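# Descriptive structure summary
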Amino acid sequence: KAPVKFFDVTPVGRIVNRFTSDISSIDQSVIYQWSALSDQLMTTVVGLAISSLATPFIWVAAVPVFFIFWNIQQMYRESARELKRLTSIARSPIFAHFNETVTSLTTVRAFAQQQRLTHKNHKNNDDFGRAMLSQNMCMRWLSIRLNSMSTGLSALCVAARRAVHSAEDMLN
């Protein structure tokens, strides 16, 4: 139970934003994230198993790479948390402004304030768009780093396997 004071001091847009983003997360994001997690987990386990069978000494290179992955993930997590917070904060004025405008529509028309409120709406949407763009760029940053590291590890695995095969061919 929230005290009545909470509703007095918290803007309506922030409350509406919180409820809509929670419902959206439950309806869409959670299912997608569980699916992506299980897919990535299976891909990783199978990839590591096949790589280990092909070249058992790949673990010599894989262990440092895992520590690098861990550090990159830690940097991403801190940034992503703050960007998510900024996106939430930027979304709240949109809901508040919309709610206030719809509630006082007759007053807005009576004082001919449509242009000013339209401009304010565009500014709120631009602020939200900038926050979303930053959040998406942060995700792309992580994706590029992880894909590059994975490609490097795969190339190392192929090179090691070729070196082993050519050494075996020389001995035979």
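Residues numbered from 1 in each chain as written. Predicted model: local features only at pLDDT ≥ 70, side-chain atom pairs only at ≥ 80, totals over all residues. Heavy atoms only, no water.

### Concerning the pattern of salt bridges
- Under the defined criterion, the tally for this structure stands at three salt bridges.
- For glutamate 82, the salt bridge goes to arginine 85, with nearest N and O atoms at 3.0 Å. Placement of both glutamate 82 and arginine 85 in helix α3 (residues 58–103) is noted, with a separation of three residues, approximately one turn of the helix.
- If you follow the salt bridges from partner to partner, you end up with Lys123, Asp127 and Arg130 in one network. (Salt bridge = Lys/Arg side-chain N within 4 Å of Asp/Glu carboxyl O. Helix = DSSP H or I, 4+ residues; strand = E, 2+ residues; numbered from the N terminus.)

### Observations concerning a nonpolar patch on the surface
- Together, Trp59, Val63, Phe66 and Phe67 give the surface a local cluster of nonpolar side chains, amounting to about 390 Å² of exposed area.
- Residue placement: phenylalanine 66 occurs in helix α3.
- For phenylalanine 66, a relative accessible area of 32% translates into the label partly exposed. (Patch = residues over 30% accessible without salt bridge, like charges linked within 9 Å, V, L, I, M, F, W, Y side chains within 5 Å. Areas by Shrake-Rupley, 256 points an atom, 1.4 Å probe, with all protein chains shown as cover. Buried < 20%, exposed > 50% of the residue type's maximum accessible area, 1.4 Å probe, protein only.)

### A few points about the environment of asparagine 71
- Position of asparagine 71 relative to the elements: it lies in helix α3.
- Accessibility expressed as a relative area gives 49% for asparagine 71, which makes it partly exposed.
- Residues asparagine 71 and leucine 41, 30 residues apart in the sequence, show an inter-C-alpha distance of 19 Å.

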